[in-house]
Each structure stands twice: as structure tokens, then as C-alpha cells.
Amino acid sequence: MNNSEKDLKAVVPGILRIFRKFWPHIRQRKFLIGGSLLALLFETALGLLEPWPLKFVFDRIILPGTNANSWNVALPAGISPMMLLTYVAGAIIAIASLKSLASYLSTYGMALAVIQVLAEVRSHLYSHLQRLSLCFHSKHKSGDLITRVTYDIERLRLVTIKTALPFVTNIVTIVGMVGVMFWLNWELTLIEIAIFPFFIFFTKHLVSRIRKVTRKHRKTEGAIADTTSETIGAIKVVQALSLHDMLEDNFYKQNSQSLDEGAKSLKLATLLEGTVQVLMAIVMALVVWRGSLVVLQKGLTPGELLVFTSYLKSAFDPMRHLSKQAGQIAKATASGERVVDILEYEPRVRDLPGAKKAHPFYGAVRFQGVSFGYEPEREILKDINMTIRPGQKVAVVGPSGSGKSTLISLILRLYDPVAGRILIDGQDIREYTLDSLRQQISVVLQDSMLFAVSIRENIAYGKLGASNREIETAARLANAHDFIMDLPEGYDTILSERGANLSGGQRQRIAIARAAIRQSPIVILDEPTTGLDNASDRAVSEALNRLTQGRTTFLISHNLRAVENADLILYIEAGNIIERGTHTELMRQGSRYAALYQMQNAINYSTRPEGDSYAIEV
Ligand code: ATP
């Protein structure tokens, strides 16, 4: 079996897979969908009736002598040819009007159901993406994920409405026509059916190739979105390092590849349509040739041959479109499967069955034999044990890449340990619901993300529904109130993307306000003052000291001057806590921490004579 055949075989299972995943949303609309399907059947039946008035005109009025062996209803007595003509004219109008009405109901009903289902799927996809663990996000590029939420869903919507539904209508119409044609003359019908194997062979072959090229094309489009978002996200670095030419070269290659794949897909689709047209012309020629002989031998009336050829002609159109539609459906299936791929990912970190809402924490944190690795084969944290009392200030220090941020992220359950457990107030944190756990932990990171909304909303993100008074109190605690009031719009100032219209220190103070508004018993600070100048460092450190007052605090810092006052310092190296104690104890011990401290002091003294790095009172 070659690859393209395998690809084609994947279309139907792909559609079924999409259908199964979307079923809960589809099921909710069973009456709307059922009603629309009924209307579709009416539409098809009326379509089959369309040429019959003309048959009556031919066989009863224009050529009444040639009715020989075929099906003919005797006219009730007293119906004149003129009356029959009037009935026929009325029937033509009635059939067309009813068919339009049925078509309107089926098309609108189905389209409405599709729009509703896909809007729900998109919301589901968005919330699912937010809940997928960081492990998932670190393995998937954001541009690709964005394409799935936007482009893939949109294509699925367009193709389902504009292609898949007409495709179903066409299939039902063709089946109905073949049935009636068999009844009229099986021999002529067989001639038509004989062409089907050729038709299916060419369609199958080309559709599978189209699908393969389209998958590749989608992948390239995803890569283009990634490159663009990465470039725009890092525009400062791009400009500062003059990376334009190099990035443009890469982009040009991806763009050309996308162009080639797009052209190939177009070529195949056009080829498919042309092939079908030729096959159709052959079958029409055969039917006209053989059908005329049958009429001359009185095996069929002229009116019946008219019905026959008119069916064939009206089947041409759907048949011709079937191939194009099949191609488009194959493309949309690829999009749908990309959506389902994401929906089928289970968040690794999630509420366990029976998880309970956490009580208000005291803040006792305990690690018992905790080990963790991002990949199974590489352990990042090894058998970590520690007991932290409520309100204790813990500093986590050590070389870059030793596992400090990883250790802290486990408390938030951004990842779950591979072995061991973490307890808060004596209970395994996996027994709490994720939301109730995270709501009681405040976080300030080195680069605290702010959102492109007002400062007021950014602070309120720490506690949804917070009052203006709470927001202002948090901002005051964070040393942010004064600079916010100096902005023309004050708290209503809208930030640019990631808060780029504020200085680093200002962004940090808003992040501290966002953390403070939670009033949570546990606070995590991951290098919150790194990269700030002296004045900002002082303002942020002051704010942090207020934020952490009376709360269990974990501070990661490379600057050992900032951690001198901690109740407990953990020195981590290669995923192990190799030293622990207060600053005085560790200095007395004279080992790794002491050596690093002395080295930093010497550097500080030579580069910053005023020696001004501010201790965060942890
Ligand atoms: P730094 O002081 O530089 O911030 P750190 O001590 O906080 O470093 P971590 O960020 O915890 O170190 O990283 C510990 C190790 O885990 C590093 O070797 C890093 O490469 C690896 N690591 C971190 N995040 C991931 C991830 N998402 N996927 C795979 N490996 C990761």
C-alpha cells in the first residue's frame, strides 16, 4: 500500500474522530439538526420531481402517439390537453417553490448548528489550552497553537457550511436519481454506473495526494506564524543585533516553501476537476447514443429519455462538485484533526478525583523525598527534603540551572513530582483543587507578565472582583500608587503589550501589587529585582519586604546580599540541597555558599563601590 492510499484511508477515520470528539456539542442540537435533515430529504425528493412535468408535456401533449410500452398514467376523463398544460405549469412553479423553501430550511438550520457547535468547540479549545500543563506548552510553538484556534476552526466552519453540507445533499440527490433511473431503464443506468469505478479510482488517488500536500502546507504556515510571532515578540533584540537580513532569509525560505505547496495543492485540485469532466462527457455521449436507439425501439418514451438525460445532466453538476468538495473536505479534515489533537491531550497536572477545596493555609510547607525531571531520562531535582514553618523566610540560592525555579514551581503545581510529595499544612497538595491551591500563593517573577489592559485590571487579576479600595491599598503597599497617579490616566492607563510602556521597576511594582492583593499566606519571589537599577531595586525591595511580612516566603536570588536576612538559606547544586542554614551558619561552615558570597562581595566592591544592593528582609 503506498503512502497516498494510506492517507486517503485516513480521511474517513479522521472525520469519525472529529465527529466523536464534537459529539457532546452536536447532541445538544439534535432537534435543529434532525429538522434540517428532514428538510434536506424533502429538497432532494422535490429535486427528483423537477423534470416530470416536462415528461407529461412531451408524452401526452406534444408526442401523444409514442407512449408505447412505458409507464403512463391514463388521464382522468374530461381533462383536456390545455388543462393538463395549466396543471403542468402550476406543478413546475409549486415544485420549485417548495424546493426553495426546503432548501432554505435545511441550509440555514444546518449552518446555524455548525456555527454554534464550532463556537463552542473554539471556547473549549481555548480553555483547554490554558489548562494544559507547562510541559505541553514548552513542547508546542505558540504560533502553531494560535493557528489551530483561529485558522483551523475557521476553515472547518467554512468548509462544513459551504462544502460538506452541499456534499451530503449531492450524495442523497445522486442516490435518488440512480434509483429512479433504474426504474425507468436499467440498461442505460448501468452504462452510467460503469463509469463509477474509474471515477472513484481517480478521485481517491488525487484526493489522497491533495490531503498530503495540504498537511505539509499547514505545517509550513504554522512555522511562518511562529517565525513572525517570535520576531515581533523579540523585536528589540532583532533590531539591536541587526538580525533582519538573517531572519528575512529564513522567512523567505519558509514563504517560498508555502507557495510551492499551495501551488501543488491547487494543481492537483484542478487536475481532479478536469478528469471528472472528461469522464462525465463520455458517459453522456454513451447514454444519448444508446438511449435514442432504445426510444426508436419503443423501449422508452421520448419524455422518459428527457427525464433520464435531465437527471444525468443535473447529476453532472453534483458529480463534478463531488470531486472538488471531497478535496476540500480532505483539507478541512486535516484542520479538524489538528483541533482534536489538542483536545485529546490530557492536562498532566489536574484536579485528582476527590480533590477538595483547600482551607485557608497557615503556610507550613514540607517536601518529602521529592524528585522531578522534565524528561523521564533526566532528573532535575533529586530526593529533596525540607520542612518550612508558617511565616518562615526561605532563600533558595545556587548556580544557574541547578533547579531553583523548578523546585519552586512544584509548590504551585505547575508540574507534579515524579516521586515523593509536597505537603502544605500537613496535606499532600494534590489533594487540594488546583484553583484553591494556587489562589493562596502569590508569585512575583523576574519578568512579571502584565496584560494589555488597564493598570487597575492588571492589579485586580490577582484577586478577581477586587474593589477599587483594595486595588489602591495593594498599589500603595507595592510603592506603585505615586507613579500610577503621575500617569495621565492614573489607574485607568492602558498598558501596551507586556507592559512595554512602563519601566522594569514600575512593571515589577505593579506585579507586586497584583501579588499583594491576594493576601496569600505563601509568597514566591523568583529573582524579582534582577536587572533593576539602584533606585528601582530600592523601591521594589521595600515593596517586597512589605508584601512578605508574616507570610511563608520563598525567594530565589543570585544576589546573596539580598538573602542575608533569610531564616533559612538552601544552597542547591545539580538538583540537590547541599547546604542549609542561616547566613551566619553557612558563613561559619565556610563551604560553597560562603565562597560564593565572598566572591560576589569582592566583585561588588570593585564594580559598585557604594555596595548598594538592598537586602530583601527574608
Ligand atoms: P536559573 O538560576 O538560571 O534561573 P534555575 O536554578 O532556576 O536556573 P531551573 O530553571 O529550575 O534552574 O532549571 C533546572 C534545569 O531544568 C536546567 O538544566 C534547565 O535546562 C531544565 N529545564 C528548565 N525548564 C525546562 C523545561 N520546561 N523543559 C525541559 N527542561 C527544563
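Residues numbered from 1 in each chain as written. Predicted model: local features only at pLDDT ≥ 70, side-chain atom pairs only at ≥ 80, totals over all residues. Heavy atoms only, no water.

**Here's the deal with the environment of V339**
- Structurally, the position occupied by V339 is in helix α12 (residues 302-343).
- Setting aside its immediate chain neighbours within four residues, V339 contacts F22, V121, L125, R148, D152 and I153. (Helix = DSSP H or I, 4+ residues; strand = E, 2+ residues; numbered from the N terminus. Contact = heavy atoms within 4.5 Å.)

**Describing the sheet that holds strand β10 (residues 576-581)**
- Pairing is mixed across the open sheet formed by six strands, whose spatial order is β6-β7-β8-β3-β9-β10. Edge positions in the sheet fall to β6 (441-445) and β10, since each of these pairs with one other strand and no more. The mean inter-strand angle of the sheet, taken between neighbouring strand axes irrespective of direction, is 15°.
- Relative to strand β9 (residues 568-573), strand β3 (residues 393-397) is paired through four bridges, and the arrangement is parallel. Looking across to β9, one finds that V394 is bridged to L568.
- Contacts from helix α13 (residues 404-411) reach β3, β6, β7 (522-526), β8 (552-556) and β9 within the one sheet, and its direction differs from that of β8 by about 155°. (Pairing = 2+ DSSP bridges. Axes fitted to C-alpha atoms, helices over the stretch in contact; angles between N-to-C directions.)

**Structural notes on the packing of helix α3 (residues 30-49) against helix α5 (residues 81-131)**
- At a minimum axis separation of 8 Å, α3 and α5 run at an interaxial angle of 150°. One finds that α3 runs roughly antiparallel with respect to α5. For the crossing formed where α3 meets α5, the hand is left-handed. From α3, L32, I33, S36, L37, A39, L40, F42, E43, L46, G47 and L49 reach across to α5, where they touch I95, L98, K99, A102, S103, L105, S106, G109, M110, L112, A113 and Q116.
- Its residues assigned to classes, the contact of α3 with α5 shows 15 nonpolar, six polar and two charged. (Parallel < 35°, antiparallel > 145°, perpendicular 65-115°, else oblique. Left-handed = near helix turned anticlockwise from the far one by under 90°. Nonpolar A, V, L, I, M, F, W, Y, C, P; charged D, E, K, R; others polar.)

**Notes on the site of the ligand**
- Around the ligand, a shell composed of 16 residues is seen, among which R378, S400, K404, S405 and T406 lie nearest.
- Note that an oxygen atom of the ligand is positioned 2.8 Å from one of the side-chain N or O atoms of K404.
- Computed on the free molecule, the ligand has an accessible area of 630 Å², of which 69% lies beneath the protein chains in the complex.
- With three residues, the single largest contributor to the shell around the ligand is α13.
- Partitioned by chemical class, the residues of the shell around the ligand number four nonpolar, eight polar and four charged. (Near = heavy atom within 4 Å. Polar contact = N/O pair within 3.5 Å; in protein donor to acceptor, adjacent residues only side chain to side chain. Areas by Shrake-Rupley, 256 points an atom, 1.4 Å probe, with all protein chains shown as cover.)

**Focus on the layout of surface pockets**
- Empty space within the second largest pocket amounts to approximately 1500 Å³.
- Those elements giving two or more residues to the lining of the second largest pocket turn out to be α2 (11-27), α3, α5, α7 (142-184), α9 (196-233) and α12.
- Of the residues forming the lining of the second largest pocket, the biggest block, 15 residues, is contributed by α7.
- When the residues that make up the lining of the second largest pocket are grouped by side-chain class, the tally is 39 nonpolar, seven polar and two charged. (1 Å grid on protein atoms, 1.4 Å probe; cavity = no way out; pocket = protein on both sides within 12 Å on 5 of 7 lines; lining within 4 Å. Points joined across faces, edges and corners; volume = space filled by probe spheres on them.)

**A closer look at the nonpolar core**
- Counting 40 residues, the largest nonpolar core has I459, I484, I512, L547, V563, I569 and Y593 as the members making the most contacts within it.
- Counting residues per element, this core draws most heavily on helix α18 (residues 504-516), at six residues.
- Residues in contact with I569, not counting those within four places in the same chain, are A395, V397, V563, E579, R580, G581, T582, H583, L586 and Y593.
- Core analysis: the next-biggest nonpolar cluster, separate from the first, contains 33 residues, V365, I441, F554 and L568 among them. (Core = buried A, V, L, I, M, F, W, Y, C linked by side-chain atoms within 4.5 Å. Buried < 20%, exposed > 50% of the residue type's maximum accessible area, 1.4 Å probe, protein only.)

**Section: the packing of aromatic side chains**
- Tallied over the full model, the rule gives 10 aromatic pairs.
- Ring centres of W52 and W183 lie 6.2 Å apart, and the angle between their planes is 35°; on these two criteria the pair is classed as tilted. Here W183 lies in helix α7 and W52 lies in helix α4 (residues 52-62), a separation of 131 residues in the sequence.
- Ring pairs connect the aromatic residues F372, Y374 and Y415, which therefore count as one cluster. (Phe/Tyr/Trp six-rings, centres within 6.5 Å; stacked < 30°, edge-to-face > 60°.)

**Focus: the pattern of salt bridges**
- Under the defined criterion, the tally for this structure stands at 21 salt bridges.
- Here R430 ties to D428 by a salt bridge, and the two come within 3.2 Å at their closest N and O atoms.
- The residue R476 makes a salt bridge to E472 at a minimum N-O spacing of 2.8 Å. Residue R476 and its partner E472 are located together in helix α16 (residues 468-477), separated by four residues, close to a single helical turn.
- Looking at R476, the relative accessible area reads 45%, which means it is partly exposed.
- A residue is classified by how much of its surface remains accessible, and E472, at 30% relative accessible area, is partly exposed.
- The structure contains a network of salt bridges with shared partners spanning R17, R215, E337, D341 and E344. (Salt bridge = Lys/Arg side-chain N within 4 Å of Asp/Glu carboxyl O.)

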